[in-house]
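Architecture at a glance
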Amino acid sequence: MLIIGNVLAALVALIHVYIAVLEMFLWTKPQGRKAFGFTPEFADQTRVLGLNQGLYNGFLAAGLIWGLLGGGFAAIVFFLICVAIAGVVGALTASRRIIYIQTVPAVLALIPTILAH
């Protein structure tokens, strides 16, 4: 169970690295606009917002990576819970699909992680 939890937590971290790159560096580029469904004008107007969101997602990824590399069980659980909550808030305020991109993977990683301890 521990290996499954760690692999799933690593996948959640990779998802958040990807989200951080999209938000911080590709927000106004075609790939970023396509991912978020933005017009070029809207992307330009909200570029700073994307940078800010990307930074937070980068911190979530960094926390999970730290937990997996030695921060331990408590760090992994804490950051997975943070990701799950962020997904719920995103689903309520931005797009319902965020629940499937953030919350579901985090919860799926939490289950074997907790069961392993």
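Residues numbered from 1 in each chain as written. Predicted model: local features only at pLDDT ≥ 70, side-chain atom pairs only at ≥ 80, totals over all residues. Heavy atoms only, no water.

A look at the packing of aromatic side chains
The description of an aromatic ring pair uses the distance of the two centres, along with the angle that the planes make with each other. Quick reminder of the rule: Within 6.5 Å between ring centres, the rings of Phe, Tyr and Trp (the latter by its six-membered ring) count as paired, and their orientation is classed by plane angle as stacked under 30 degrees, edge-to-face over 60, tilted in between. The rule is simple: take the accessible area with a 1.4 Å probe, protein chains only, and divide by the maximum for that residue type; under 20% is buried, over 50% is exposed, in between is partly exposed.
With the rule as written, the count across this model stands at 5 aromatic pairs. Centroid distance Phe36 to Phe38: 5.6 Å. Interplanar angle 25 degrees. Geometry classified as stacked. Under the relative-accessibility criterion, Phe36 is labelled partly exposed at 26%. Grouping aromatic residues by their ring pairs yields a cluster made of Trp27, Phe36, Phe38 and Phe42.

A short note on helix α5 (residues 73–93)
Rules: Numbering of helices and strands runs from the N terminus, with a helix taken as a DSSP run of H or I at least four residues long and a strand as a DSSP run of E at least two residues long. Multiply 1.5 Å by the residue count of a helix minus one, and that product is the helix's expected span.
Spanning 21 residues, α5 covers 30 Å between terminal C-alpha atoms, matching the ideal 30 Å at 1.5 Å per step. Considered for burial, the residues of α5 that qualify are Ala75, Ile76, Val77, Phe79, Leu80, Val83, Ala84, Gly87, Gly90 and Ala91.

Comments concerning the packing of α5 against helix α6 (residues 98–115)
Where we set the bar: In this analysis, axes come from line fits to C-alpha atoms, helices being fitted only over the stretch in contact, and the angle between any two N-to-C directions falls in the range 0 to 180 degrees. For classification purposes, angles smaller than 35 degrees are called roughly parallel, those larger than 145 roughly antiparallel, those between 65 and 115 roughly perpendicular, and all remaining angles oblique. Two helices crossing with the near one rotated counterclockwise from the far one by less than a right angle form a left-handed crossing, whereas a clockwise rotation gives a right-handed crossing. Every residue pair with non-hydrogen atoms within 4.5 Å of one another is taken to be in contact. All residues other than Ala, Val, Leu, Ile, Met, Phe, Trp, Tyr, Cys, Pro, Asp, Glu, Lys and Arg, Gly among them, are scored as polar; the first ten of these are nonpolar and the last four charged.
Following both chains from N to C, one finds α5 and α6 inclined at 155 degrees, their axes separated by 8 Å at the closest point. On the basis of the axis angle, α5 is roughly antiparallel to α6. Here α5 runs over α6; the crossing is left-handed. Seen from α5, the contacting residues are Phe73, Ile76, Val77, Leu80, Ile81, Val83, Ala84, Ala86, Gly87, Val88, Gly90 and Ala91; seen from α6, they are Ile98, Ile99, Gln102, Thr103, Ala106, Val107, Ala109, Leu110, Thr113 and Ile114. Residue classes in the contact of α5 with α6 are distributed as 17 nonpolar, 5 polar and no charged.

Observations regarding the nonpolar core
Looking at soluble globular proteins, one finds that nonpolar side chains tend to be buried together. Our working definition: The criterion is simple. A nonpolar core is a set of buried Ala, Val, Leu, Ile, Met, Phe, Trp, Tyr and Cys residues joined through side-chain atoms within 4.5 Å.
Ranked by size, the top nonpolar core spans 14 residues in total, and within it Val12, Leu64, Leu80, Val83 and Ala106 carry the most contacts. Of all the secondary structure elements, the ones that give two or more residues to this core are α1 (2–25), α4 (47–71), α5 and α6. At 6 residues, the largest contribution of residues to this core is made by α5. With residues up to four places along the chain from it excluded, the contact list for Leu80 reads Ala9, Val12, Leu64, Ala106, Ala109, Leu110 and Thr113.

Comments concerning the packing of α4 against α5
Contact geometry for α4 and α5: axes closest at 8 Å, N-to-C directions at 160 degrees. Judged by the inter-axis angle, α4 sits roughly antiparallel to α5. Note on packing geometry: the crossing formed by α4 with α5 is left-handed. Along the contact surface, α4 presents Phe59, Leu60, Gly63, Leu64, Trp66, Gly67, Leu68 and Gly71, while α5 presents Phe73, Ala75, Ile76, Phe79, Leu80, Cys82, Val83 and Ala86. A class-by-class count of the residues in the contact of α4 with α5 yields 13 nonpolar, 3 polar and no charged.

Overview of α6
Two residues of an α-helix separated by three or four positions point the same way, owing to the 3.6 residues in each turn. To be explicit about the condition: We define the bend at any residue as the angle between the axes fitted to the seven residues before and including it, ending there, and the seven starting there.
Here α6 spans 25 Å end to end across 18 residues, near enough to the 26 Å set by a 1.5 Å rise per residue. Along α6, the helix axis deviates most sharply at Val104, where the bend reaches about 25 degrees; the proline Pro105 sits within four residues downstream. For α6, every residue scored as buried is listed here: Ile98, Gln102, Thr103, Pro105, Ala106, Ala109, Leu110, Pro112 and Thr113. The secondary structure elements touched by the buried residues of α6 are α1, α4 and α5.

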